[in-house]
Amino acid sequence: MPAFFVATVSVKNPEKMKEYAAKSGPTFAAFGGTLLARGGLVETLTGAAAKPVTAVVQFPDAQAVSDWYASDDYQALIALREEAADMDINVFATPE
């Protein structure tokens, strides 16, 4: 069943964020990941948005997300991610 990585982001350093996005995007493909959406908050219809930017990436299943996150290619980008932004990354799966 498809799984989605949803990252909510507060950018700390726009230049580093551009670098992180350019380098992290290609790491998804080896695990079947596809960027579905990335953008800034337009409006909160109810509740409160914790961070103003969101990215959604679809993977074939939750294991593929875990494997991507643990991969050497992605792990090498974590220091850059932490310089670029405060980020929460969560995994959601569609019901069977």
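Right above here is the structure, for reference.
Residues numbered from 1 in each chain as written. Predicted model: local features only at pLDDT ≥ 70, side-chain atom pairs only at ≥ 80, totals over all residues. Heavy atoms only, no water.

### Observations concerning the packing of aromatic side chains
The relation between two aromatic rings is expressed through the spacing of the ring centres and the mutual angle of the planes. With the rule as written, the count across this model stands at nine aromatic pairs. Relative to Tyr69, the ring of Trp68 lies with its centre 5.9 Å away and its plane at 70 degrees, an arrangement referred to as edge-to-face. On the accessibility criterion, Trp68 (1% relative accessible area) is buried. Judged by its relative accessible area of 31%, Tyr69 is partly exposed. Centre to centre, the rings of Tyr69 and Tyr74 are 5.3 Å apart; their planes meet at 45 degrees, and the pair counts as tilted. Taken together, the ring pairs connect Phe5, Tyr20, Phe28, Phe59, Trp68, Tyr69 and Tyr74 into an aromatic cluster. (Phe/Tyr/Trp six-rings, centres within 6.5 Å; stacked < 30°, edge-to-face > 60°. Buried < 20%, exposed > 50% of the residue type's maximum accessible area, 1.4 Å probe, protein only.)

### Digging into the side chain of Lys51
If you trace the backbone, Lys51 turns up in the loop between strand E2 (34-40) and strand E3 (53-59). A relative accessible area of 16% places Lys51 in the buried class. For Lys51, the side chain forms a polar contact with the side chain of Asp88, separated by 2.8 Å. Once you skip the residues sitting within four places of it in the chain, Lys51 turns out to touch Thr8, Val9, Ser10, Asp86, Met87 and Asp88. (Helix = DSSP H or I, 4+ residues; strand = E, 2+ residues; numbered from the N terminus. Polar contact = N/O pair within 3.5 Å; in protein donor to acceptor, adjacent residues only side chain to side chain. Contact = heavy atoms within 4.5 Å.)

### Regarding the pattern of salt bridges
Pairs can form between side chains of opposite charge whenever their charged atoms are close. The tally for this structure, following the rule as stated, stands at six salt bridges. In this structure, the salt-bridge partner of Lys51 is Asp88, at a minimum N-O distance of 2.8 Å. Of this pair, Lys51 sits in the loop between E2 and E3 while Asp88 sits in strand E4 (residues 85-93), placing them 37 residues apart in sequence. Here Glu82 and Arg81 are joined by a salt bridge, their closest N and O atoms 3.9 Å apart. In this structure Glu82 comes out as partly exposed when scored by relative accessible area, which is 45%. (Salt bridge = Lys/Arg side-chain N within 4 Å of Asp/Glu carboxyl O.)

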